[in-house]
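Close look at the chain arrangement
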Amino acid sequence: SLAAFPNDGTIRDTRLMHIDLAQAATAIRNGDLVGVPTDTVYGIAADPFRQEAVERLFTLKGRPGLKPVALLVASVEQALSLASFNDLAHEMAGEHWPGGLTLVVPRLPSVPDWIGHPERGTIGVRCPDHEVVLALLELTGPLAVSSANMTGTPASVTCEEAENLFGSDVAGFLEGEATSGEASTVIDLTHPQPVVLRDGPVAPR
């Protein structure tokens, strides 16, 4: 928990903030936030099924509540525990996952409405191509992950950048850096035709 990383104003060795996968999984289960490297940008992760953890993530970043955060998953199977995929979603996930493509799809009725868009009933899901975060996702299940930055500022790429920005507001940081440094392509598949919400490394057909 955060108690393991006290913010007492003293100068300390920042390497104490670096944690391993087991510690990261425990912190997530305790409702804490954890820094994680991904294939796009360095991110901050929370347990999506703990509303207070998601709210802490939004507060940390100064992120508007109606700007939903995407969920990272280890596989299509994990995504299907959260969302409904049509044929196109299955096709695009099969072609681009793991990788830099976020799919916005209908949220399952069993998933809490603070996950995804509360009014539209949609959710963004992505399987990242980075062994560290994939290993964490295998331990924790899906994670709400947002870029390690204050909203509207450049995203962190390395663990050290995220650590310098957020320090002990986060329970710990997994070492590593982003592979590309470019945020994922986001495509909304809930319309009659796919809608690109954000350009990124995956070019839509």
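Our subject is the structure that appears above.
Read on for a plain summary of the structure. Small disclaimer: the values here were computed from a predicted structure and weren't measured. Once a new chain begins, its residue numbering starts again from 1 and follows that chain's sequence as written. In view of the model being predicted, local features appear only for residues whose pLDDT reaches at least 70, and side-chain atom pairs are presented and counted only at 80 or more, with totals across whole chains, interfaces and linings using the full set of residues. Calculated side-chain values reflect all of the structure's heavy atoms, with hydrogen atoms and water omitted.

Examining the layout of surface pockets
Of the grid points, spaced at 1 Å and generated over the protein atoms alone, those admitting a 1.4 Å probe that cannot get out make up cavities, while open sets with protein on both sides within 12 Å along at least five of seven lines make up pockets; any residue with an atom within 4 Å of a point is treated as lining. Grid points are joined across faces, edges and corners, and a volume is the space filled by probe spheres set on the points. Roughly 770 Å³ of internal volume is contained in the largest pocket. If you go around the largest pocket, you meet 33 residues; those closest to its centre are Arg63, Pro68, Ala70, Val186 and Arg198. Within the residue set of the lining of the largest pocket, elements represented by two or more residues are strand S4 (101–106), strand S5 (122–126), strand S6 (143–147) and strand S9 (195–198). Numbering goes from the N terminus for both helices and strands, where a helix is a DSSP run of H or I of at least four residues and a strand is a run of E of at least two. The dominant element in the lining of the largest pocket, judged by the number of residues it contributes, is S5, at four residues. Residue polarity follows a fixed list, in which Ala, Val, Leu, Ile, Met, Phe, Trp, Tyr, Cys and Pro are nonpolar, Asp, Glu, Lys and Arg are charged, and the others, Gly among them, are polar. Residues of the lining of the largest pocket, tallied by class, amount to 13 nonpolar, 14 polar and six charged.

As for helix H4 (residues 87–96)
Owing to its 3.6 residues per turn, the α-helix brings residues three or four apart onto one side. Relative accessible area decides the class of each residue, using a 1.4 Å probe on protein chains only: under 20% of the type maximum gives buried, over 50% gives exposed, and in between gives partly exposed. Taken as a whole, H4 has its buried residues at Ala89, Met92 and Ala93. Projection of H4 onto a plane perpendicular to its axis shows the buried side chains occupying an angular sector of 100 degrees, all on one side. Opposite the buried face of H4, by more than 90 degrees, sit the exposed residues Asp87 and Gly94. Turning to H4, the residues buried within the fold contact helix H3 (76–80), S4 and strand S8 (185–188). Between the side-chain oxygen of the N-cap and the backbone nitrogen of leucine 88 there are 3.2 Å, and the N-cap of H4 in question is asparagine 86. The directions from the helix axis to the C-beta atoms form the arc being described. Throughout, a residue-residue contact means that at least one pair of heavy atoms, one from each residue, lies within 4.5 Å. Two N or O atoms count as a polar contact when they lie within 3.5 Å, although within protein this holds only if one can serve as hydrogen donor and the other as acceptor, and sequence-adjacent residues are included solely when both atoms are side-chain atoms.

A word on the environment of alanine 93
Secondary-structure assignment places alanine 93 in helix H4. What alanine 93 contacts, discounting residues up to four positions off in sequence, is Val76, Phe85 and Leu103.

What to know about the pairing of strand S2 (residues 43–46)
The two faces of S2 match: Gly43 and Ala45 on one face and Ile44 and Ala46 on the other face are all buried. Pairing analysis gives three bridges linking strand S1 (residues 34–36) to S2, with the strands arranged antiparallel. In the strand pairing of S2, valine 34 is matched with alanine 45. When DSSP finds two or more bridges between a pair of strands, those strands are recorded as paired. Joining the antiparallel neighbours S1 and S2 is a turn of six residues.

Looking at the packing of aromatic side chains
Here a Phe, Tyr or Trp ring, Trp counted by its six-membered ring, pairs with any other such ring whose centre lies within 6.5 Å, and the pair is stacked when the planes are under 30 degrees apart, edge-to-face when over 60, and tilted otherwise. Applying the stated criterion across every chain, the model contains one aromatic pair. On the numbers, 6.0 Å between centres and 65 degrees between planes, the contact of phenylalanine 85 with tryptophan 97 is edge-to-face. Remark: tryptophan 97 occurs in the loop between H4 and S4 and phenylalanine 85 occurs in the loop between H3 and H4; sequence separation between them is 12 residues. The class for phenylalanine 85 is buried, based on a relative accessible area of 11%. Of the residues examined, tryptophan 97 reaches a relative accessible area of 11% and is grouped as buried.

Let's talk about the pairing of S9
Sheet analysis places S8 next to S9, joined by three bridges and oriented antiparallel. Within S9, the position partnered with aspartate 188 by the bridge is valine 195. The loop that links S8 with its antiparallel partner S9 comprises six residues.

What to know about the sheet that holds S4
With mixed pairing, nine strands are arranged side by side in an open sheet as S7-S1-S2-S6-S3-S5-S4-S8-S9. Two strands bound the open sheet, and with one partner strand each, they are strand S7 (172–173) and S9. Two strands pair when backbone bridges link them, and strand S3 (residues 71–72) and S6 are joined in this way by two bridges, in the antiparallel orientation. Note that in S6 the partner of leucine 72 across the bridge is leucine 143. Most of the contacts of H4 go to S4, to which it runs at about 160 degrees, and overall it touches S4 and S8. Here an axis means a line fitted to C-alpha atoms, over the contact stretch when the element is a helix, while the angle between two N-to-C directions is reported on a 0 to 180 degree scale.

Section: the pattern of salt bridges
Side-chain pairs of opposite charge can arise where the charged atoms are in close proximity. Definition used for salt bridges: Asp or Glu carboxyl oxygen within 4 Å of a side-chain nitrogen of Lys or Arg. For the coordinates displayed, the defined rule picks out four salt bridges. Here arginine 126 ties to aspartate 39 by a salt bridge, and the two come within 2.9 Å at their closest N and O atoms. Remark: aspartate 39 occurs in the loop between S1 and S2 and arginine 126 occurs in strand S5; sequence separation between them is 87 residues. In this structure, arginine 126 and aspartate 39 share a single accessibility class: buried.

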